[in-house]
Amino acid sequence: MRTQIIAAVAAAFTAVLSSAALASDAGVVETVAEMAYGTAPSHAKTLKQAGDAVQHRELLETSKSGGMKVKFTDGSKLDLGAESKAFVVAYVYKPEQKVANAIVSLPEGRMHYVTGAMPKDHTTIYTPTATMQLNGADITVAVNERGNTHLMVEEGVVTVRSRTTGQELVYNAGQSVDITPAGVTTSTAELQ
């Protein structure tokens, strides 16, 4: 199911953007702890090292004790924890062409994400149970083996929607939420 979600999100987003807009790299690997991998479109899974490019539609993975830090073209940062997978659905930052959108999917594991110069509400994080739209945010997201999502907002504002119930809430700095297939189970935000 997670693979189908990732594929559907990727297809929808890339249909909106032109292939010319997606021609450049999305970012670069800053550091790797132990072992981390990347599987770019039409390529085999490869070992990632500091300085390696990160492409659109690339699956990033870390080993049991691994980790990886990625800096995207707008300055946003993704810190992927151990035993985690993140799919860079699309990452385009070309303000001179008025094209700026970021979509990252976290099907399992943990990540810390800090937005850079990407315009407000142009960064979306997907998990199996939640869609999160970031507005100048610093967040930590974790997804367990059942697909349950835990979000902690360190800074900024995040609009969260349950992918199963459609319930939408807004979270500010210091607030958190747990989302399961049944919807929001624990929350410190107000309904919108």
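Before going into details, it helps to say that this report is about the structure given with it. As the structure is a prediction and not an experimental result, all values here were calculated from the model. (Residues numbered from 1 in each chain as written. Predicted model: local features only at pLDDT ≥ 70, side-chain atom pairs only at ≥ 80, totals over all residues. Heavy atoms only, no water.)

Here we come to the packing of aromatic side chains. To describe a pair of aromatic rings, you give the distance between the ring centres and the angle between the ring planes. A complete count under the given rule lists 2 aromatic pairs for this structure. With a centroid separation of 4.0 Å and 5° between ring planes, the pair formed by Phe-72 and Tyr-91 is classed as stacked. Of this pair, Phe-72 sits in strand S6 (residues 67-72) while Tyr-91 sits in strand S8 (residues 85-94); the two residues are 19 residues apart in sequence, bridging distant segments of the chain. With respect to class, Phe-72 is no different from Tyr-91; both count as buried. (Phe/Tyr/Trp six-rings, centres within 6.5 Å; stacked < 30°, edge-to-face > 60°. Helix = DSSP H or I, 4+ residues; strand = E, 2+ residues; numbered from the N terminus. Buried < 20%, exposed > 50% of the residue type's maximum accessible area, 1.4 Å probe, protein only.)

Within the largest apolar cluster, 36 residues are counted, with the highest numbers of intra-cluster contacts made by Tyr-113, Met-132, Ile-139, Leu-151 and Val-158. Where this core is concerned, the elements lending two or more residues are S6, strand S7 (77-80), S8, strand S9 (99-114), strand S11 (130-143), strand S12 (149-162), strand S13 (168-172) and strand S14 (176-180). A per-element tally of this core places S11 first, with 7 residues. Every residue in contact with Met-132, bar those within four places of it in the chain, is listed here: Thr-123, Thr-124, Ile-125, Thr-127, Val-141, Thr-149, Leu-151, Val-158, Thr-159 and Val-160. (Core = buried A, V, L, I, M, F, W, Y, C linked by side-chain atoms within 4.5 Å. Contact = heavy atoms within 4.5 Å.)

With that settled, consider the environment of Arg-161. Within the secondary structure layout, Arg-161 lies in strand S12. Dropping the residues within four chain positions of it, Arg-161 is found in contact with Thr-129, Ala-130, Thr-131, Gly-166, Gln-167 and Glu-168.

Turning our eyes to something else, we now look at the pattern of salt bridges. Enumeration according to the criterion identifies 5 salt bridges in this entry. Salt-bridge contacts for Lys-85 lead to Glu-61; the nearest nitrogen and oxygen are separated by 4.0 Å. Here Lys-85, found in strand S8, pairs with Glu-61, found in strand S5 (residues 58-62); they are 24 residues apart in sequence, far enough to count as distant. Residue class for Glu-61 comes out buried when judged on its relative accessible area of 12%. A salt bridge links Glu-145 to Arg-146; the shortest N-O distance between them is 3.1 Å. (Salt bridge = Lys/Arg side-chain N within 4 Å of Asp/Glu carboxyl O.)

Attention now goes to the environment of Gly-183. Structurally, Gly-183 can be placed in strand S15 (residues 183-187). Sequence separation between Gly-183 and Arg-163 is 20 residues; the distance between their C-alpha atoms is 7.8 Å. Excluding residues that lie within four positions of it along the chain, Gly-183 makes contacts with Ser-162, Thr-164, Thr-165 and Asp-178.

The next thing to look at is the pairing of S7. Strand residues, when the strand is regular, have side chains that alternate between the two faces of the sheet. Every second residue of S7 is oriented toward a common face, the buried set being Leu-78 and Leu-80 and the non-buried set Lys-77 and Asp-79. By the bridge criterion, 4 bridges tie S6 to S7 in an arrangement that is antiparallel. Following the sheet pairing, Lys-69 is matched in S7 by Asp-79. (Pairing = 2+ DSSP bridges.)

What follows deals with unusual backbone geometry. Glycine aside, negative phi is the norm for most residues, and most peptide bonds take the trans geometry. Phi is positive for Glu-34, close to 55°, though the residue is something other than glycine. Position of Glu-34 among the secondary structure elements: in the loop between strand S1 (27-33) and strand S2 (36-39). According to the relative accessible area criterion, Glu-34 is exposed, its value standing at 54%. Residue Arg-57 is not a glycine yet carries a positive backbone phi of 65°. Tracing the chain through its elements places Arg-57 in the loop between strand S4 (53-54) and S5. Judged by relative accessible area, Arg-57 falls into the partly exposed class, the value being 36%.

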